[in-house]
Amino acid sequence: FKYIGYTPGDFLRVFVGKGQTELSIKDKIRSYSVWHIDREKCELDMAVTIHGNGPGAQWAISCKEGDITYFLWHKGKFKIDTSADDYVFIGDLSALSTLYEFNRMLTAKKIYPIIYSQDKEDFFGDIDGKEPFKFNCLPHNPFAEIRIKLKFLKLKLKHNTYVYVAGDSR
């Protein structure tokens, strides 16, 4: 990872289905956001949320230090533009590591996060252990709730505001 051309928003396509012959190749590949890269230590961190008992969850639970992991680097199109005054981040738990990475790039900017999950136990702090975002316990696909939050939020926002919607965008 020391020399890889990484930009926050890039992700990995990870092969998680080793030994699971009953799965199609599509089901054996999962996408995970890069949470942080330490180039000096040649380390990469990614957050893997575990819901249910799918191939990705089974891989994450069984993974041990020293295991070989096969992946492809994927240059995503979801990138941060640092030219706005204010930012609104809307996303479910699956987007949290990417939004943390974006947040670290925007230290002098005002960020209004709407980060949600159904269970408050699912939330986790950033790589440094801090929790820079206020979390919201909301139902799956909380369109009506987010719309109400945005209605009140728009009164605070400057004219030059970018809105990022990440994760499960349904």
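In the block above lies the structure referred to throughout.
Notes on the structure in this doc start here. (Residues numbered from 1 in each chain as written. Predicted model: local features only at pLDDT ≥ 70, side-chain atom pairs only at ≥ 80, totals over all residues. Heavy atoms only, no water.)

1. Some words on unusual backbone geometry
Trans peptide bonds make up most of the peptide bonds, and negative phi angles are found at most residues other than glycine. The following threshold applies: Numbering goes from the N terminus for both helices and strands, where a helix is a DSSP run of H or I of at least four residues and a strand is a run of E of at least two. Buried, partly exposed and exposed residues are distinguished by accessible area as a fraction of the type maximum, computed with a 1.4 Å probe on protein chains only: under 20%, between the cut-offs, and over 50%, respectively.
With phi around 55 degrees, cysteine 42 is a residue other than glycine that occupies positive phi space. Structurally, cysteine 42 is set in the loop between strand S2 (29-38) and strand S3 (43-46). Residue classification places cysteine 42 among the partly exposed residues on the basis of a relative accessible area of 38%. The backbone of asparagine 141 sits at a positive phi, close to 55 degrees, despite the residue not being glycine. The residue asparagine 141 is located in the loop between strand S7 (135-137) and helix H3 (143-153) in this model.

2. What to know about the environment of glycine 5
The line we're drawing: Whether two residues touch is decided by their heavy atoms; if any such pair falls within 4.5 Å, the residues are in contact.
Among the structural elements, glycine 5 can be located in the segment before strand S1 (11-15). On the accessibility criterion, glycine 5 (48% relative accessible area) is partly exposed. Measuring from C-alpha to C-alpha, the distance between glycine 5 and threonine 107 comes to 22 Å, with 102 residues separating the pair along the chain. Apart from the residues lying within four places of it in its own chain, the contact partners of glycine 5 are Asp10, Trp73 and Lys75.

3. Examining the pairing of strand S6 (residues 110-117)
Heads up, the rule is: Any two strands with at least two DSSP-identified bridges between them are counted as paired.
Within S6, six of the eight residues are buried, leaving the element largely enclosed by the surrounding structure. Of the strand pairs in this sheet, strand S5 (residues 86-92) and S6 are connected by seven bridges, and their pairing is parallel. Along S6, the bridge assignment pairs glycine 91 with isoleucine 115. Of the strand pairs in this sheet, S6 and S7 are connected by three bridges, and their pairing is parallel. Each residue of the ladder has a partner; that of serine 117, found in S7, is cysteine 137.

4. Description of the sheet that holds S3
Condition: Every axis in this analysis is a line fitted to C-alpha atoms, fitted for helices over the stretch in contact. Angles between the N-to-C directions lie between 0 and 180 degrees.
One open sheet accounts for four strands, arranged S3-S2-S1-S4; its pairing is antiparallel. A single partner strand is all that each edge strand has here, and the edge strands are S3 and strand S4 (71-74). This sheet shows a mean twist of 40 degrees between the axes of neighbouring strands, independent of strand direction. In this sheet, S2 lies alongside S1 in antiparallel orientation, the contact comprising five bridges. Residue pairing in the sheet places leucine 12 in a bridge with tyrosine 32 of S2. Strands S1, S2 and S3 of the sheet are contacted by helix H1 (residues 55-62), whose axis makes an angle of about 45 degrees with S2.

5. Thoughts on the nonpolar core
So the rule is basically this: Grouping buried Ala, Val, Leu, Ile, Met, Phe, Trp, Tyr and Cys residues that are joined through side-chain atoms within 4.5 Å yields what is termed a nonpolar core.
In this structure, Tyr87, Phe89, Leu96, Leu99, Ile115 and Phe133 are the most contacted members of the largest nonpolar core, which totals 21 residues. At the level of elements, S5, helix H2 (96-105), S6 and strand S8 (161-166) are the ones that each hand at least two residues to this core. Beyond its immediate sequence surroundings of up to four residues, isoleucine 115 is in contact with Phe89, Gly91, Leu96, Leu99, Phe123, Phe133, Lys134, Phe135 and Asn136. In this structure, Tyr6, Leu12, Val14 and Val34 belong to the second largest nonpolar core, which totals nine residues.

6. Notes on the pattern of salt bridges
This is how the line gets drawn: By definition here, a salt bridge exists when the distance from a side-chain nitrogen of Lys or Arg to a carboxyl oxygen of Asp or Glu is within 4 Å.
On inspection of all chains with the given rule, the structure shows five salt bridges. Sharing partners across several salt bridges, the network here consists of Asp10, Lys75 and Lys79.

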